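# Descriptive structure summary
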Amino acid sequence: MRFSERVVLVTGGARGIGAGCCRVFAKEGAYVAVVDRDASAAETLARSLTGSHTALTGNHTALTGNHTAILADVAVEDQIRAAVDRTIATYGRIDCVINNAGVHPPDTPLEKMAPEKVMDVLRVNFLSTYTMCYYALPHLKKTRGTIVNISSMTAVLGQRNSTAYAASKGAQLSFTKSLALECADFGIRVNAVLPSNVDTPLMRDWASSLPDPEAALSRIAALQPIGRMADVEEIGRVCLFLATEDSSFITGQGLHVDGGASLDY
Ligand SMILES: NC(=O)c1ccc[n+]([C@@H]2O[C@H](COP(=O)([O-])OP(=O)(O)OC[C@H]3O[C@@H](n4cnc5c(N)ncnc54)[C@H](O)[C@@H]3O)[C@@H](O)[C@H]2O)c1
């Protein structure tokens, strides 16, 4: 129980990598604030966490209702502030923030993507991370907590027809490094995770937009020398590592979690 009596706030926690993080932290005893713009999926996920939590500990009464679904669109500053306030009102503390909510627009060459569309991507994928840190920092100072930002391999390697997405992930990575420097004095560590391809609804939605989804998914799986995509809980376990004392000397890093894909790009 490596996160017992501690609180994690996960943006985009209702599904995909965020849900994987919620499940991994809940199994380790965390109280989980599931922040998402999809209220019903967040509710369903938060309720399912209580189940796995109680099954693991056998303590059915004390742990019921430990997790909270919070409706928020992280593109909107007031909603981020409200999500932090609600987490504090519920639990009184925040020990870890996982900035995971993100969007990947359909592949589009630069000349076909107007600048105002780029702002939409930056607002969700980068500005939300900045804003969440802005509102969570006073609380993380009290717990000497951690921040984990879900960036992407594309932050350092780039991605064709995804300039806005890759740039937003690059911004998240350099923000991580700079904030780690600012936060070291407060005992707060800030790191980023750089996944390659993860089997999530986002990935499957993308594949299903293509003529042969199964072939596309096989092609994506083969990009990893390990021969498959990551499972969401494999990313969640890395986040747990970065949130606990197991990683006490690691800050300001972008950790590749990619089955070797970045070696063979
Ligand atoms: N899937 C991959 O292969 C992959 C690889 C590298 C990085 N990533 C990054 O991981 C993160 C999660 O990706 P995923 O594949 O799990 O995506 P997903 O679409 O499967 O899940 C994203 C979750 O975020 C929520 N969300 C999206 N925009 C939001 C907003 N404005 N406000 C609140 N919630 C919002 C969605 O409702 C959803 O629950 C993203 O930042 C993505 O860029 C994913």
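Everything that follows concerns the structure shown earlier in this document.
This report concerns the structure included in the present document. (Residues numbered from 1 in each chain as written. Predicted model: local features only at pLDDT ≥ 70, side-chain atom pairs only at ≥ 80, totals over all residues. Heavy atoms only, no water.)

Attention shifts here to the site of the ligand. Neighbouring the ligand are 28 residues; Arg15, Asp36, Tyr165, Val198 and Thr200 lie closest to it. Separating an oxygen atom of the ligand from a side-chain N or O atom of Tyr165 is a distance of 2.6 Å. The side chain of Thr200 places a nitrogen or oxygen atom 2.6 Å from an oxygen atom of the ligand. The protein chains hide 96% of the 830 Å² of surface that the ligand would expose on its own. Structurally, the ligand is housed in the largest pocket. Here the shell around the ligand gets three residues from one element, more than from any other, and that element is helix α7 (residues 201-208). (Near = heavy atom within 4 Å. Polar contact = N/O pair within 3.5 Å; in protein donor to acceptor, adjacent residues only side chain to side chain. Areas by Shrake-Rupley, 256 points an atom, 1.4 Å probe, with all protein chains shown as cover. 1 Å grid on protein atoms, 1.4 Å probe; cavity = no way out; pocket = protein on both sides within 12 Å on 5 of 7 lines; lining within 4 Å. Sits in = over half its atoms within 2 Å of the grid points. Helix = DSSP H or I, 4+ residues; strand = E, 2+ residues; numbered from the N terminus.)

Now for the layout of surface pockets. Its boundaries defined by the atoms lining it, the largest pocket holds a volume of some 1500 Å³. The wall of the largest pocket is formed by 49 residues, among which His104, Tyr165, Thr200, Leu202 and Met203 lie closest to the centre. Of all the secondary structure elements, the ones that give two or more residues to the lining of the largest pocket are α1 (16-27), β2 (31-36), α6 (163-183), α7 and α8 (213-222). The class makeup of the residues in the lining of the largest pocket is 23 nonpolar, 16 polar and ten charged. Across the lining of the second largest pocket, the residue classes break down as one nonpolar, six polar and five charged. (Points joined across faces, edges and corners; volume = space filled by probe spheres on them. Nonpolar A, V, L, I, M, F, W, Y, C, P; charged D, E, K, R; others polar.)

A word on empty space enclosed by the protein. Where empty space is left in the structure can be found by rolling a water-sized probe over the atoms. In the structure shown here, the tally under the stated rule is two cavities of 30 Å³ or more. If you add up the space inside the largest cavity, you get close to 60 Å³. If you go around the largest cavity, the residues you meet are His104, Pro105, Pro106, Thr108, Met113, Asn161, Ser162, Thr163, Ala164 and Tyr165. Split by residue class, the lining of the largest cavity holds five nonpolar, five polar and no charged. A volume near 40 Å³ is recorded for the second largest cavity. Taken together, Thr11, Val74, Asn99, Asn100, Ala101, Val124, Ser128, Thr129 and Met132 form the lining of the second largest cavity. It is helix α4 (residues 115-143) that contributes the most residues to the lining of the second largest cavity, four residues altogether.

Here we take up unusual backbone geometry. Look at Glu5: it is not a glycine, yet its phi comes out positive at around 65°. Take Glu5: it is sitting in the segment before β1 (7-11). Even without a glycine there, the phi angle at Asn161 is positive, about 60°. When its relative accessible area of 33% is taken as the criterion, Asn161 is described as partly exposed. (Buried < 20%, exposed > 50% of the residue type's maximum accessible area, 1.4 Å probe, protein only.)

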